[in-house]
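Remarks on the overall topology
Listed below, chain by chain, are the residues.
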Amino acid sequence: KYLDLSMNSLKGSLPLAFAPNLKELNLQRKIPSEIGWLVKLKHFDIEDNGFTGPIPTEFGFLTNLVNLTANSMGLTGTIPSELGNLSNVERVQLSANWLRGTIPSTLGRLSKIARLWLGMNKLTGELPTELGSLTQM
């Protein structure tokens, strides 16, 4: 149920299909799109690792996720609107990356969220009014 591959120099892709019951995952480098196969995953913490590239839209399939922590890395691109599907998430921490664009209005659907950290990125535009409905923050 737990897989920790941090602090290594592993190369190649991770065959995530082998682990449908995985509940906690800790890895390094790029976030594979196959992350969406881990539907029982509750904690995803890759803070301060060497990850680069975009946040896969497949995160939207992880409806059991409670914690998404990916601070202080090299994540690029936009925040996927699919993160608004994370109905059980309580914490989303994406600070200190290279994320750009606007904050998706779909994040206003995260009714259980208590911590939304998006600082120190390259985000632009207005705050979505939908964020005003997040009463747990």
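In the block above lies the structure referred to throughout.
Anyway, here's the lowdown on the structure attached to this text. (Residues numbered from 1 in each chain as written. Predicted model: local features only at pLDDT ≥ 70, side-chain atom pairs only at ≥ 80, totals over all residues. Heavy atoms only, no water.)

In terms of helices and strands, the protein carries zero helices and 10 strands. Mapped in sequence order, the helices and strands of the protein form the string β-β-β-β-β-β-β-β-β-β. Looking at the protein as a whole, 43% of its 137 residues are labelled buried. For the protein, long-range pairs separated by at least 24 residues make up 38% of all intrachain contacts whose partners lie at least 6 apart in sequence. (Helix = DSSP H or I, 4+ residues; strand = E, 2+ residues; numbered from the N terminus. Buried < 20%, exposed > 50% of the residue type's maximum accessible area, 1.4 Å probe, protein only. Contact = heavy atoms within 4.5 Å.)

Here the focus is the side chain of N71. Relative to the helices and strands, N71 resides in the loop between β5 (67–69) and β6 (74–77). Among the polar contacts listed, one links the side chain of N71 to the backbone nitrogen of S95, at a separation of 2.8 Å. Those residues in contact with N71 that sit more than four places away from it in its chain are E47, D48, Q93, L94, S95, N97 and W117. (Polar contact = N/O pair within 3.5 Å; in protein donor to acceptor, adjacent residues only side chain to side chain.)

Two elements, strand β4 (residues 52–53) and β6, share two bridges in a ladder whose sense is parallel. Looking at the pairing, T52 lines up with G74 of β6. Both β6 and strand β8 (residues 98–101) contribute to a ladder of two bridges, which runs parallel. Within β8, the position partnered with G77 by the bridge is L99. (Pairing = 2+ DSSP bridges.)

With that settled, the discussion passes to unusual backbone geometry. A positive phi is found at S72, a non-glycine position, where the angle reads about 55 degrees. Relative to the elements of secondary structure, S72 occurs in the loop between β5 and β6. Assessed through its relative accessible area of 35%, S72 is described here as partly exposed.

As a further point, take the packing of aromatic side chains. Two measures describe an aromatic ring pair: the distance that separates the ring centres and the angle between the ring planes. Summed over all chains, the structure comprises one aromatic pair. Between F44 and F59, the aromatic rings sit 5.1 Å apart at their centres with planes inclined by 75 degrees, giving edge-to-face as the arrangement. Taken together, the residues span a long stretch of sequence, with F44 in strand β3 (residues 43–45) and F59 in the loop between β4 and β5 at a distance of 15 residues. Both residues of the pair, F44 and F59, count as buried. (Phe/Tyr/Trp six-rings, centres within 6.5 Å; stacked < 30°, edge-to-face > 60°.)

Right, let's talk about the sheet that holds β4 for a bit. With parallel pairing, four strands are arranged side by side in an open sheet as β4-β6-β8-β10. Strands at the two margins of the open sheet, each flanked by one partner only, are β4 and β10 (122–123).

What follows deals with the environment of T63. Relative to the helices and strands, T63 resides in the loop between β4 and β5. With 24 residues separating them in the primary sequence, T63 and S87 have C-alpha atoms 5.7 Å apart. Not counting chain neighbours up to four residues away, the residues in contact with T63 comprise N85, S87 and N88.

The next point concerns the environment of T76. Here T76 is to be found in strand β6. Exposure remark for T76: the relative accessible area of 32% places this residue in the partly exposed category. Expressed as a C-alpha distance, the spacing of T76 and R100, which sit 24 residues apart in the sequence, is 7.2 Å. Those residues in contact with T76, other than ones at most four positions away along the chain, are G53, P54, I55, W98 and L99.

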